[in-house]
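Architecture at a glance
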Amino acid sequence: MVESSAPQWITSLMDTLGAPGAGIAIALENLFPPLPSEVILPLAGFAAGAGQMSLIAALLWTTAGSVVGALALYGVGALLGRDRTVAIAVKLPLVKVSDIERTEAWFQRHGTKAVFFGRMIPVFRSLISIPAGIERMPLPVFLGLTTLGSALWNTLFVLAGYTLGENWADVTGYVSTYSKVVLVAAVLAVLLFAGVRVLKRPRADRQRG
């Protein structure tokens, strides 16, 4: 594989194992959110375009890796519960407890929609599995939503790398822009939600507030 901006262990996995290596990398990315899915997926697409693996294999293995990683985090949430999970997260490097708390709040508001759409939002895409496990979302529902959401996200980025070829690293710039747009949209949604709640309160309550 050509020199790239990807961490060496990722390129080594794909060089050695091909599509299964890409799947393992994505499973680890789900368990450790700071790992770069926006690098792993386009790189897998580039490798498919270069003939190191088939495009279908890249899509299937990366989606399988996403589901396995998500299922592991679901199990953590289900077995440990909220308090112990957060207590462990405090001790882990590169994992922010504030991210877990925001994800948990989002899950409580949106339920199944949070699991599906959360797979397409950086950071949330991994952490959304934890509150799903804590709340014991039915496993078939969780797996179905996770598989579908992961397949859409992974296909988009694998195909981008496949199409861009040696320029696959350009995808990271698009992801940065996408992440900023999502963040702004999330802030606006929270403000709108808060505004609607305030307006719906009885006038006397608003005056006392």
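To start, this report covers the structure provided alongside it. (Residues numbered from 1 in each chain as written. Predicted model: local features only at pLDDT ≥ 70, side-chain atom pairs only at ≥ 80, totals over all residues. Heavy atoms only, no water.)

With that settled, consider the packing of helix H3 (residues 37-49) against helix H9 (residues 139-164). At a minimum axis distance of 6 Å, the contact between H3 and H9 shows a crossing angle of 50 degrees. Taken together, H3 and H9 sit at an angle that is classed as oblique. Seen from above, H3 lies across H9 with right-handed handedness. The residues of H9 that touch H3, namely those facing Ser 37, Leu 41, Pro 42, Gly 45, Phe 46, Ala 48 and Gly 49, are Trp 153, Asn 154, Phe 157, Val 158, Gly 161 and Tyr 162. Residues of the contact of H3 with H9, tallied by class, amount to eight nonpolar, five polar and no charged. (Axes fitted to C-alpha atoms, helices over the stretch in contact; angles between N-to-C directions. Helix = DSSP H or I, 4+ residues; strand = E, 2+ residues; numbered from the N terminus. Parallel < 35°, antiparallel > 145°, perpendicular 65-115°, else oblique. Left-handed = near helix turned anticlockwise from the far one by under 90°. Contact = heavy atoms within 4.5 Å. Nonpolar A, V, L, I, M, F, W, Y, C, P; charged D, E, K, R; others polar.)

What follows deals with the nonpolar core. Counting residues in hydrophobic clusters, the biggest one holds 33 residues, and the most contacted among them are Met 14, Met 53, Phe 107, Val 115, Ala 132, Met 137 and Phe 142. At the level of elements, helix H1 (8-17), helix H2 (19-31), H3, helix H4 (55-91), helix H6 (112-118) and H9 are the ones that each hand at least two residues to this core. The element best represented in this core is H3, accounting for seven residues. Once residues lying within four places of it in the same chain are set aside, the contact partners of Met 53 are Met 14, Gly 18, Ala 19, Ala 44, Ala 47, Ala 48 and Ala 58. (Core = buried A, V, L, I, M, F, W, Y, C linked by side-chain atoms within 4.5 Å. Buried < 20%, exposed > 50% of the residue type's maximum accessible area, 1.4 Å probe, protein only.)

Attention now goes to H3. Between its first and last C-alpha, H3 extends 18 Å over 13 residues, near the 18 Å set by a 1.5 Å rise per residue. Most of H3 is tucked away, with 11 of its 13 residues classed as buried. Residues Ser 37, Val 39, Ile 40, Leu 41, Pro 42, Leu 43, Ala 44, Gly 45, Phe 46, Ala 47 and Ala 48 constitute the buried set of H3. Residue Gly 51 follows H3 closely and has a positive phi angle near 90 degrees. (Expected span 1.5 Å × (residues − 1).)

Taken together, the side chains of Trp 9, Leu 17, Ile 24, Leu 28, Leu 31 and Phe 32 make up a nonpolar region of the molecular surface, amounting to roughly 490 Å² of accessible area. Every element with two or more residues in the nonpolar patch is listed here: H1 and H2. With three residues, H2 is the largest single contributor of residues to the nonpolar patch. Residue placement: Leu 31 occurs in helix H2. (Patch = residues over 30% accessible without salt bridge, like charges linked within 9 Å, V, L, I, M, F, W, Y side chains within 5 Å. Areas by Shrake-Rupley, 256 points an atom, 1.4 Å probe, with all protein chains shown as cover. Salt bridge = Lys/Arg side-chain N within 4 Å of Asp/Glu carboxyl O.)

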